[in-house]
Structure formats: structure tokens, C-alpha cells
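Residues per chain are reported as follows:
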Amino acid sequence: MTSVIDLRSDTVTQPSPAMREAMFHAAVGDDVYGDDPTVNELERLAAAKVGKEAALLVTSGTMGNLCGVLSHCQRGDEVIVGDKCHIYNYEAGGVSVLGGVAMHTVHTTAKGELPLADLAAAVRNREDPHSAYTRLVCLENTHGGCGGVVVAPSYMAQVKAWAHANDLQVHLDGARVFNAAVALGVDVKEITQHVDSVQFCMSKGLSAPIGSILAGSADLIRKARRLRKMVGGGMRQAGVIAAAGIVALTEMVDRLAEDHVHAKVLAHGLASIPGIRIDPNQIETDIVVFGLSDGRSAGDFAAAMTAKGVLVGAFGPGKIRAVTHYGIDGNHIEQTLEVVRAVMATPPTADGQPVQGAYR
Ligand SMILES: *Cc1c(COP(=O)(O)O)cnc(C)c1O
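What counts, and at which threshold
Residues numbered from 1 in each chain as written. Predicted model: local features only at pLDDT ≥ 70, side-chain atom pairs only at ≥ 80, totals over all residues. Heavy atoms only, no water. Salt bridge = Lys/Arg side-chain N within 4 Å of Asp/Glu carboxyl O. Helix = DSSP H or I, 4+ residues; strand = E, 2+ residues; numbered from the N terminus. Buried < 20%, exposed > 50% of the residue type's maximum accessible area, 1.4 Å probe, protein only. Domains from an automatic or database assignment. Contact = heavy atoms within 4.5 Å. Buried area = accessible area lost by both parts, 1.4 Å probe. Nonpolar A, V, L, I, M, F, W, Y, C, P; charged D, E, K, R; others polar. Patch = residues over 30% accessible without salt bridge, like charges linked within 9 Å, V, L, I, M, F, W, Y side chains within 5 Å. Areas by Shrake-Rupley, 256 points an atom, 1.4 Å probe, with all protein chains shown as cover. Core = buried A, V, L, I, M, F, W, Y, C linked by side-chain atoms within 4.5 Å. Expected span 1.5 Å × (residues − 1). Axes fitted to C-alpha atoms, helices over the stretch in contact; angles between N-to-C directions. Parallel < 35°, antiparallel > 145°, perpendicular 65-115°, else oblique. Left-handed = near helix turned anticlockwise from the far one by under 90°. Near = heavy atom within 4 Å. Polar contact = N/O pair within 3.5 Å; in protein donor to acceptor, adjacent residues only side chain to side chain. Pairing = 2+ DSSP bridges.

Structural notes on the pattern of salt bridges
Summed over all chains, the structure comprises 14 salt bridges. Taking the shortest distance from any N to any O, the salt bridge between Arg176 and Asp10 comes out at 2.8 Å. With a gap of 166 residues between them, Arg176 in the loop between strand S6 (169-173) and helix H8 (177-184) and Asp10 in the loop between strand S1 (5-6) and helix H1 (17-25) connect regions that are remote in the sequence. Taken as a pair, Arg176 and Asp10 share a single burial class, namely buried. One salt bridge in this structure joins Asp31 and Arg228, with 3.5 Å as the shortest N-O distance. Remark: Arg228 occurs in helix H10 (residues 218-230) and Asp31 occurs in the loop between H1 and helix H2 (37-50); sequence separation between them is 197 residues. Exposure remark for Asp31: the relative accessible area of 3% places this residue in the buried category.

In C-alpha cells:
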């Protein structure tokens, strides 16, 4: 094997040649003064793509969710989140630590949904001085913790109708919302119309080196702009980044379908390998999560794969995650399957300690 096949995440993508070219030639200015024409163009484009009044370029998905949640909420408010969501599990508790916003978790189904009955039960009595004030519900689509499943727009429509009837707002962690749209074969607005604000990442499957977008009403984005400054996200000649973002949104969305095909092929191949547990029908986008049923630990498996030039992620005890992305082709998938066959052909060590999985 000549080079490493990195399937740990779609965050490992390299910027495309068109992105590097656009970055090289980008017209820039001081974006804190609102003077960067390329950032302004990206924010207009992004807002239009997701059907919102305004958008804000932020450094990361984490910053987008943080500024989004804190724009909706005051200190002492409470946000309802799913127990498997990124905001609750992988953002260092930021909305609570930095924003004084409590997180109230509810059960997440395998489809990435928070059952409406559970949402209703999580809303606190606003007249009761014992209670934090329930202000916001966060959804995630695609749902990373559920293996990249697409959350149905029809479900999201129900949540929004219920939320608005109960004086609540809805924020979408749409880090991979374009994967969801491509998998469904719909315009992304068919998804984002059901939320008041959305964060999406340009630095994952869309392959930009840096950057996420927070979009919502003009009023919300005004608040978010102040919060972005507060957390140190006011960037200067950020057009260098935004130029890649424009390419991400104009050239890199449709090709996500290739990643989904590669993920399917990988899943079907894995299903035929003894000791691997996976239902290929559950693979909907670019994320392939599978189980090791021969007692082998995820850490041992990942280390053995790495030794043979294929990087995957440990996703919990006996669970592995592989993510397809720009730069991974059909040959890489075939090579990966060969390496998995070779690794699974060697017996597991008896004392393999399960490792706790971190993921990006
Ligand atoms: C990656 C991810 C984020 C955070 O994005 P960063 O750019 O890594 O901060 C948020 N939510 C979900 C669902 C993600 O997959």
C-alpha cells in the first residue's frame, strides 16, 4: 500500500484545487468592520442556500452551536437536547459553562428523533420559581451519534409546530445537513425550513479547511455576531477562509452522493466478513458504524488497521466508525475491505480492553 487511507472522519478532507485557487485570489478586508467582500458574499450565499434572512461565518461547528444557542437563550434558561447529540456530548458543555444555559436531555431514538411525548414532558412550568425557563429545542441532522442517520423532515415539521405552539424555538445542529439533503434527494431548505436557526459545517464532507455557518433571522444573527466576538471568533481577513467556503457550497454539495455510495459499498463488504456486525440497510450517508462480534476490542482493531495503513475510529466498546469523504475512491474501499479481512483473520487477544470512543 502506498499511502494511508484515513477513514477516521470527513474532517480529514484536504481542500480541493479550486478551493486553494479561490483562497489564493480572494479579495479580503477586515471582517470585524464588515469590510471583507468574500465573507459578505459567503454569508449572503449561505443564508440563501438554507432559506434564512442572515448568516454568520464562524470558526467551527462548536462555535456555531454555541453562538446559536446563546442567541436564543438567556442565562438561567434551559435547552432541551437529545442524550446522544453533539452539543451535549462533544462541545465541552459550552452552552452551560460559558452561557449559563442548562441542558435537559431526552431519549434519542435510533432514527435520531426525540419523541414528541418526551419533549413535551421536558418543558418545565414557567410559573414555578423552582424551574429553569425552557426556551429552546435542539435537533441534529444527520445524527452523528446515531451513525449518520437522516432525521425525517416530516418529524422536524412536527417538532417545529409543537415548539412554536409552546413558545419554544428550534435550533438545528446541521453539521452534516447537506449529507441529509443529498441522501433524501431534496433541496436543503426542505430540512432547514423546519428550524429557526441552523449551524452547518463546511469543514467536513464539503471539504473546506475551516469554517461553519450559523443562519437564522436577521435579529438572531445580530446577537450571534456579538457573541462570536465575545468568544474570540471575530476574524480579520477571513475572506481567505470564506473563499474556500464559497467553493464548498457551490461545487462540493452534489458530490456527497459519491461518499454515500462508497459508504454503502463498504457496509455491504463488511457484512460479509466473519466477526463484523453491521446491517448495510442502516447506512444512509457517509458514516459507517459497525460492531466487532468476536470479542476483539475496538482499540485493538483500530491499532491493527493502522498498522496496515487504514485509519478508523473507535466508537465505543466493540464499535468502530469509518467515514467516507472527498479523496476516498472505490479502490480505497476495496483496499480497506482487504485490510479488514486480514485483521479479522488473526485471532483477538483475550485481554483486549474496550476503549471509550471519541469522535469528531
Ligand atoms: C463535527 C460536529 C460538530 C462540531 O463541529 P466542529 O467544527 O468540529 O466544532 C457539531 N455537531 C455535529 C453533529 C458534528 O458532527
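Okay, back to it.
Things to note about the domain arrangement of the chain
Under the domain assignment used here, the chain contains domain 1 (5-11 + 255-344) and domain 2 (17-251). Each side of the interface is counted separately: domain 1 has 16 residues, and domain 2 has 19 residues. Between domain 1 and domain 2, the buried area comes to about 1,400 Å², and carbon and sulfur atoms account for 55% of it. Put simply, domain 1 and domain 2 have one salt bridge between them. Within the residue set of the side of domain 1 that touches domain 2, elements represented by two or more residues are helix H12 (256-271) and strand S10 (287-292). A breakdown of the residues in the side of domain 1 that touches domain 2 according to their chemical character gives six nonpolar, five polar and five charged.

Focus: a nonpolar patch on the surface
A cluster of nonpolar residues, Val97, Leu98, Met230 and Val231, forms a patch on the protein surface that exposes about 410 Å² of accessible area. Along the chain, the position of Val97 falls in helix H5 (residues 94-97). Relative accessible area serves as the criterion here: at 60%, Val97 is assigned to the exposed category.

Re the nonpolar core
Grouped together as the largest cluster of nonpolar side chains are 51 residues, with contacts concentrated most on Leu57, Leu119, Leu139, Phe178, Phe200 and Ile213. The dominant element in this core, judged by the number of residues it contributes, is helix H11 (residues 239-251), at seven residues. Residues in contact with Phe178, not counting those within four places in the same chain, are Val50, Val188, Phe200, Leu206, Leu249, Val253 and Leu256.

Quick notes on H10
In this model, H10 (13 residues) spans 19 Å end to end at C-alpha, consistent with the 18 Å of a helix rising 1.5 Å per residue. Along its buried surface, H10 packs onto H2, strand S2 (54-58), helix H3 (61-72), strand S7 (197-201) and strand S8 (212-216). Immediately beyond the C-terminal end of H10, within one or two residues, lies Gly232, with a positive phi of roughly 85 degrees.

Here's the deal with the packing of helix H13 (residues 298-307) against helix H14 (residues 330-345)
Remark: H13 packs on H14, axes separated minimally by 10 Å, with the N-to-C direction vectors making an angle of 125 degrees. With respect to their mutual orientation, H13 and H14 come out oblique. Seen along the crossing, H13 lies across H14 with a hand that is right-handed. Side by side, H13 and H14 meet where Phe301, Ala304 and Met305 of the first sit next to Thr336, Val339, Val340, Val343 and Met344 of the second. Split by residue class, the contact of H13 with H14 holds seven nonpolar, one polar and no charged.

Side note on the site of the ligand
Close to the ligand lie Ser60, Gly61, Thr62, Asn65, His86, Glu91, Glu140, Asp173, Ala175, Arg176, Cys201 and Lys204. At 2.6 Å from an oxygen atom of the ligand is found a side-chain nitrogen or oxygen belonging to Thr62. Taking 380 Å² as the accessible area of the ligand by itself, protein coverage stands at 88%. In terms of residue count, the dominant contributor to the shell around the ligand is H3 (three residues). Its residues placed into classes, the shell around the ligand shows two nonpolar, five polar and five charged.

Thoughts on the sheet that holds strand S13 (residues 319-323)
Strands sit in the order S9-S10-S13-S12 across an open sheet of four strands; the sheet is antiparallel. A strand with exactly one partner marks an edge of an open sheet, and here the two such strands are strand S9 (276-277) and strand S12 (313-314). With two bridges connecting them, S9 and S10 associate as antiparallel partners. Counted as the bridge partner of Arg277 is Gly291 from S10. Packed on one face of the sheet, H12 meets S9, S10 and S13 and runs near 15 degrees to S10.

Here's the deal with the sheet that holds S7
Taken in spatial order, the seven strands make up an open sheet running S2-S8-S7-S6-S5-S3-S4, and their pairing is mixed. The sheet terminates laterally at S2 and strand S4 (102-106), the two strands that pair on one side only. Here the strands of the sheet are splayed against their neighbours by 20 degrees on average, with no regard to which way each runs. Relative to S4, strand S3 (residues 77-82) is paired through five bridges, and the arrangement is parallel. Of the residues in S4, the one forming a bridge with Glu78 is Ala102.

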